[in-house]
Amino acid sequence: MTSPPPSKSSVPVVILGTGRYNPAYVLTNAELERRVDTSDDWITTRTGIKERRIAAAGEHNSDLATKAAAAAMEQAKVKASEVDLIICGTVTGDMPFPATSCLVQENLGAHHATAFDLGAACTGFIYGLEIGKQLLQGGGYKTAVVIGSERISSVVDWTDRNTCVLFGDGAGAAVLRQREGRGGGILVTDTGSDGRFAHILNQPGGGTRTPITAENVHDRLATLKMSGKEVFRQAVGTMSTSCHKAMKRLGITIDDITLVIPHQANIRIIEAVGEKLKAPPEKVFKNVDRYGNSGAATVPMALDEAHREGRFKRGDKILLVAFGAGLTWGCTIIEW
Ligand code: COA
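Reading guide: rules and limits
- Residues numbered from 1 in each chain as written.
- Predicted model: local features only at pLDDT ≥ 70, side-chain atom pairs only at ≥ 80, totals over all residues.
- Heavy atoms only, no water.
- Pairing = 2+ DSSP bridges.
- Helix = DSSP H or I, 4+ residues; strand = E, 2+ residues; numbered from the N terminus.
- Axes fitted to C-alpha atoms, helices over the stretch in contact; angles between N-to-C directions.
- Near = heavy atom within 4 Å.
- Polar contact = N/O pair within 3.5 Å; in protein donor to acceptor, adjacent residues only side chain to side chain.
- Areas by Shrake-Rupley, 256 points an atom, 1.4 Å probe, with all protein chains shown as cover.
- Phe/Tyr/Trp six-rings, centres within 6.5 Å; stacked < 30°, edge-to-face > 60°.
- Buried < 20%, exposed > 50% of the residue type's maximum accessible area, 1.4 Å probe, protein only.
- Lys NZ or Arg CZ within 6 Å of the ring centre and 35° of its normal.
- Left-handed = near helix turned anticlockwise from the far one by under 90°.
- Contact = heavy atoms within 4.5 Å.
- Nonpolar A, V, L, I, M, F, W, Y, C, P; charged D, E, K, R; others polar.

### Notes on the sheet that holds strand β12 (residues 317-324)
Thought 1: Here 4 strands make up an open sheet; going across it, the order is β8-β13-β12-β11 and the pairing mixed. If you trace the sheet from one side to the other, it starts and ends with β8 (185-193) and β11 (259-262), each paired once. On average, each strand axis in the sheet is inclined to that of its neighbour by 10°, with strand direction left out of account.
Thought 2: Pairing geometry for β12 and strand β13 (residues 328-335), over 8 bridges, is antiparallel. When the sheet's bridge partners are listed, A322 is paired in β13 with G330.

This is how it looks when you write it as structure tokens:
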């Protein structure tokens, strides 16, 4: 589904500030070589990843999310008392319930906020931006903090070389507000899901279908499972189609986009999507070498990094695109 482009009467929803938090511990390919039967050469050539961040013991998803949100609020000059909506995209929350966003609310002291989590895997931040925008435009809320945060290291099977080399922990966030008297902001979003492919990327155990038992833990059912090749194929197809739909809806082409910020799962996926969009390589943001795939945190972390590096300025159009378990996918185009 692609949202309609902004009408003359709709007040734009803009991103006032961005933030991120990367845990301190750097897990290198060299260290992974000592843990499983892999090599720096294999990981680098097949994925582009050189290192990823891993949260410390006792450093919870809500801690990562809180630090990213606080950084975004500081940049936006927004106080906790002004925040009335917190949306946290995550599939690795502190607990099955309550929502991690409620723990973040408490950490921030944002006591007037409504807080909920969003389970769209790696697409969580893009779904969150669109839902935040719609709720702000509905008139009931004034300031939203949208977060993508994951502690994927807790659900990775560290004996499975097919998956453990790919993922890392982190959090990213953006502060959203309606802004009278200017255009731009979040212009258009295309989203989609396809539950027929739920089985190709999932964590089968730990929910109510397969609860945690000693046997299930022994069988590693509470860890991430993935059919890599099928995920790869779906990722390239859905992300590039979603981008084309969003650009078409706005009547623009890749030439009108200053920076493409794609989900950072694998350098080969990023390059394949870039080629399908006919985007010059320098227009496609990449930090997968330093963080790997941090789930829903990936896109907001990249957005914050690009923003702080000055990769785009006021009035530029940037395109965010992601893909994840579900399957889910989404593309949003923002005029900064
Ligand atoms: N180190 C060394 N060898 C490895 C390895 C590792 N870490 N992981 C897998 N291999 C082996 C496989 O066992 C296989 O060996 P075999 O041929 O003897 O069976 C061989 O490498 C090739 O595996 P293959 O699956 O063909 O590799 P690939 O080129 O498809 O790359 C992925 C594998 C996982 C990197 C790739 O499919 C991918 O990135 N998929 C998408 C993942 C993703 O984006 N997930 C998250 C989405 S949000």
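From this point, the narrative continues.
### Things to note about the site of the ligand
Thought 1: Taken together, the neighbourhood of the ligand is formed by 23 residues, with T38, R46, R161, K229 and N266 sitting nearest.
Thought 2: At 2.9 Å, a backbone N or O of G228 approaches a nitrogen atom of the ligand.
Thought 3: One nitrogen or oxygen atom from the side chain of N266 is found 2.7 Å from an oxygen atom belonging to the ligand.
Thought 4: Isolated, the ligand exposes 970 Å² of accessible area, and the fraction of that covered by the protein chains is 76%.

### Some remarks on the packing of aromatic side chains
Thought 1: In the structure shown here, the tally under the stated rule is 1 aromatic pair.
Thought 2: Their ring planes at 65° and their centres at 4.8 Å tell us that F312 and W336 sit as a pair that is edge-to-face. Here F312 is found in the loop between α11 (298-308) and β12, whereas its partner W336 is found in the segment after β13, with 24 residues between them in sequence.
Thought 3: Overall, F312 belongs to the buried group, its relative accessible area being 6%.
Thought 4: We note R35 situated over the ring of W158; from NZ or CZ to the ring centre the distance is 5.1 Å.

### As for the packing of helix α8 (residues 228-250) against helix α9 (residues 267-276)
Thought 1: For the pair α8 and α9, interaxial distance at closest approach is 9 Å and the crossing angle is 35°. Our pair here, α8 against α9, has a crossing hand that is right-handed. Within the contact between the two elements, α8 uses F232, A235, V236, M239, S240 and H244 and α9 uses R268, I269, A272, V273 and K276.
Thought 2: Within the contact of α8 with α9, the residues separate by chemical class into 7 nonpolar, 2 polar and 2 charged.

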